[in-house]
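Here's the letter readout for the chains.
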Amino acid sequence: MYWKSGLVLAAALYLGYFLSSKPDFAPPVIPEDEYFGEGQVHADDKALRKFEIKVSEEDIKDLKSRVKAGLNRHFKPLEDSRFHDGFNPDAMKQVAEYWLQHYDWKQHENYLNRFEHFKTEIEGVKIHYIRSTPVKSEYTTTIPILMVHGWPGSVWEFHKIIPMLSNPARYDLGKKFAFEVICPSLPGFGWSGTSSKKGLSYVATARIYAKLMQRLGFSSYYVQGGDWGSIVVTAMAALYPERITGLHNNMPFVASPTFAQVMVKHIVASFFPSLILDTEDIGRLKPIKQYFLDLLQETGYYHIQATKPNTI
């Protein structure tokens, strides 16, 4: 038993030394342009074209028929599995029945079409966005802001906040300033186009959105994001600090330069808590084994989407 503990301690110390002594890596060189469209590279259609959401009745009927067919093949989950094995089939049945019997897509489509929608092509990808412009004569100052949704979301995330930002006087929030709101759909989401080539990363998306804002005539602006949107707008702030007036996100990711040392301390504290922690803190530590087990059990979706998305 003692030799195992000693081995763990030695391995942790070695790992800490190895990780903390690695030289700093130079930041990646970000190309100014890439092309993610189909086939050979061609010039983008830079026109800002108005767009209306319009899903055909045929598509809605087709979707409902497939949902109904799924309900007809419903299977029971294992007893007491709850959501441990993935989405619970009984819960999915309730969601599917709601879609079939109660959800009114046309009502939501009409609601979304109250906003002004546009599309433009950037790096070969059609980018959809909402643009909500305040009546400038009613406000002392107008401030542009780019708001980016996450996964598995859409611009619908912002349907309540957009009018409050672009017309705050209507909500008794004053007339000193209002925001001109730009809400794009992430590539492959909502009404934006998809990439035909590999490599459309969050960094490429940050560059595409910077080009979008430049095309709309904004030289400086605020950015806000959540989930994947937070990663994209954080990258924008890092890549284009001279353009980003301020950054806000509701899902911040923190990468500490001492992350390696923190992980080593976590490993050591899991086996020898008194070496690292005060007595009153020992019961608060999550064992490193449980930490990694949770990570493995709850990131299956992430792994398959990151490595074998076509399998889905």
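Sequence order as written defines the numbering, with residues in each chain counted from 1. Totals for whole chains, interfaces and linings use every residue, but because this is a predicted model, local features are given only for residues with pLDDT of at least 70 and side-chain atom pairs only at 80 or more, for both listing and counting. The side-chain quantities take in all heavy atoms of the structure and omit both hydrogens and water.

As annotated in an unreviewed UniProt entry, the protein chain carries the name microsomal epoxide hydrolase and is attributed to Plectus sambesii. Within the UniProt record for the protein chain, the comment given under Subcellular location (unreviewed entry) is "Microsome membrane". UniProt positions are given in the numbering used here, feature names are shortened, and annotations may be inferred rather than shown by experiment.

Peer 1: Tell me about the sheet that holds strand β2 (residues 117–122), and name the residues and values.
Peer 2: Paired strands, as defined in this entry, are two strands with at least two bridges between them according to DSSP. Helix and strand assignments follow DSSP, with helices taken as H or I runs no shorter than four residues and strands as E runs no shorter than two, numbered in order from the N terminus. A sheet is described by the order of its strands in space; here 7 strands give the open sequence β1-β2-β3-β5-β4-β6-β7, paired in mixed fashion. If you trace the sheet from one side to the other, it starts and ends with β1 (49–51) and β7 (244–249), each paired once. Taken over all neighbouring pairs, the strand axes of this sheet differ in orientation by 30° on average, direction set aside. Summarising the sheet, strand β3 (residues 125–132) and strand β5 (residues 177–184) pair through 4 bridges and their orientation is antiparallel. Its bridge partner lying in β5, Arg131 is registered against Ile182. The contact criterion used is simple: two residues touch if any of their non-hydrogen atoms lie within 4.5 Å. Geometry is summarised by axes, namely lines fitted to C-alpha atoms with helices restricted to the contacting stretch, and by angles between N-to-C directions that run from 0 to 180 degrees. The sheet contacts of helix α7 (residues 228–239) involve β4 (141–148), β6 (221–225) and β7, and relative to β7 the element is tilted by about 155°.

Peer 1: Lay out the packing of helix α8 (residues 259–271) against helix α10 (residues 288–297) in plain terms, naming residues and giving numbers.
Peer 2: Running from amino to carboxyl end, α8 crosses α10 at an angle of 120°, the nearest separation of the two axes being 8 Å. Taken together, the axes of α8 and α10 lie oblique to each other. Every residue of α10 that contacts α8 at Met263, His266, Ile267 and Ser270 is listed here: Ile288, Tyr291 and Phe292. Charged residues are taken to be Asp, Glu, Lys and Arg, nonpolar residues to be Ala, Val, Leu, Ile, Met, Phe, Trp, Tyr, Cys and Pro, and polar residues to be all remaining types, Gly included. A class-by-class count of the residues in the contact of α8 with α10 yields 5 nonpolar, 2 polar and no charged. Orientation labels follow simple angle bins: below 35 degrees gives roughly parallel, above 145 gives roughly antiparallel, 65 to 115 gives roughly perpendicular, and whatever is left gives oblique.

Peer 1: Give a detailed account of the environment of Pro168, specifying residues and quantitative values.
Peer 2: Among the secondary structure elements, Pro168 is positioned in the loop between α5 (161–166) and β5. As a C-alpha pair, Pro168 and Tyr139 span 29 residues in sequence and 9.4 Å in three-dimensional space. When residues no more than four places from it in sequence are discounted, the contact partners of Pro168 are Tyr139, Pro163, Leu173, Gly174, Phe177 and Ala178.

Peer 1: Requested: an account of a nonpolar patch on the surface, with residues and values cited.
Peer 2: Nonpolar side chains (Val, Leu, Ile, Met, Phe, Trp, Tyr) within 5 Å and like charges within 9 Å form the patches, drawn only from residues with over 30% relative accessible area and no salt bridge. Note that accessible areas follow from Shrake-Rupley with a 1.4 Å probe, and for residues the cover is restricted to the protein chains shown. By definition here, a salt bridge exists when the distance from a side-chain nitrogen of Lys or Arg to a carboxyl oxygen of Asp or Glu is within 4 Å. A contiguous nonpolar patch, built from Phe83, Phe87, Met92, Val95, Tyr98 and Trp99 and spanning about 610 Å² of accessible area, is present on the exposed surface. On the secondary structure map, Val95 appears in helix α3 (residues 89–101). Categorising residues by exposure relies on relative accessible area from a 1.4 Å probe, with only protein chains included: less than 20% of the type maximum marks a residue as buried, more than 50% marks it as exposed, and the intermediate range marks it as partly exposed. Judged by relative accessible area, which is 30%, Val95 ranks as partly exposed.

Peer 1: Any details on the pattern of salt bridges? Residues and values, ideally.
Peer 2: Think of it this way: side chains of opposite charge can pair up when their charged atoms draw near. One pass over the full model with this rule turns up 13 salt bridges. Residues Glu123 and Lys211 are paired through a salt bridge, measuring 2.7 Å at the closest nitrogen-oxygen approach. Highlighted residues: Glu123 in the loop between β2 and β3 and Lys211 in helix α6 (residues 202–215), separated in sequence by 88 residues. By the burial criterion, Glu123 is buried, and Lys211 matches it. One salt bridge connects Arg284 with Asp281, and the closest N-O pair in it is separated by 2.7 Å. Asp281 sits in the partly exposed class, given a relative accessible area of 26%. Through salt bridges with shared partners, a single ionic network connects Asp33, Glu34, Glu123, Arg207 and Lys211.

Peer 1: Would you mind going over the layout of surface pockets in detail, with residue names and values included?
Peer 2: Where empty space is left can be seen by rolling a probe of water-molecule size over the atoms. Using a 1 Å grid laid over the protein atoms alone, points where a 1.4 Å probe fits but cannot get out form a cavity; open sets with protein on both sides within 12 Å along at least 5 of 7 lines form a pocket; any residue with an atom within 4 Å of a point counts as lining. Grid points are joined across faces, edges and corners, and a volume is the space filled by probe spheres set on the points. Quantified by volume, the largest pocket comes out at close to 1,100 Å³. Looking at the largest pocket, it is lined by 26 residues, and the ones nearest its centre are Phe189, Leu200, Trp228, Gln305 and Ala306. Of all the elements in the fold, those that place two or more residues in the lining of the largest pocket are α6, α7 and α11 (300–307). Ranked by the residues each element gives to the lining of the largest pocket, the list is headed by α11, at 5 residues. Its residues assigned to classes, the lining of the largest pocket comprises 15 nonpolar, 8 polar and 3 charged.

Peer 1: How would you summarise the confidence of the model for the protein chain if you had to cite specific residues and measurements?
Peer 2: Note that predicted coordinates carrying low pLDDT should not be read in detail. The predictor reports its confidence for every residue as pLDDT, a score running from 0 up to 100. The pLDDT averaged across the protein chain works out to 88; a share of 90% of its residues lies at or above 70. Every residue in residues 21–27 is under pLDDT 50, and counting partners more than four places away or in other chains gives 0 contacts.

Peer 1: For the nonpolar core, give the residues involved together with the corresponding values.
Peer 2: What tends to happen in soluble globular proteins is that the nonpolar side chains get buried as a cluster. Grouping buried Ala, Val, Leu, Ile, Met, Phe, Trp, Tyr and Cys residues that are joined through side-chain atoms within 4.5 Å yields what is termed a nonpolar core. Residues Leu146, Ile182, Tyr209, Tyr221 and Met236 are the most contacted members of the largest nonpolar core, which totals 28 residues. Counting residues per element, the ones that place at least two in this core are β2, β3, β4, α6, β6 and α7. No other element matches the 7 residues that α6 contributes to this core. Apart from residues lying up to four places away in sequence, Tyr209 is in contact with Ile127, Leu146, Val148, Pro184, Ser185, Leu186, Pro187, Val232 and Met236. Phe115, Met147, Val155 and Phe158 belong to the second largest nonpolar core, which has 12 residues in total.

Peer 1: Tell me about the packing of aromatic side chains, residues and numbers included.
Peer 2: The aromatic pairing rule takes the rings of Phe, Tyr and Trp, using the six-membered ring of Trp, and pairs them if the centres are within 6.5 Å, calling planes under 30 degrees apart stacked, those over 60 edge-to-face and the rest tilted. Here the structure, examined in full by the defined rule, presents 10 aromatic pairs. Between Tyr301 and Tyr302, the aromatic rings sit 6.4 Å apart at their centres with planes inclined by 80°, giving edge-to-face as the arrangement. Residue class for Tyr301 comes out partly exposed when judged on its relative accessible area of 42%. With a relative accessible area of 48%, Tyr302 lands in the partly exposed category. Lying over the aromatic face of Phe51, Lys119 brings its terminal NZ or CZ to 4.5 Å of the ring centre. Whether a charge sits over a ring depends on NZ of Lys or CZ of Arg being within 6 Å of the ring centre and within 35 degrees of the ring normal.

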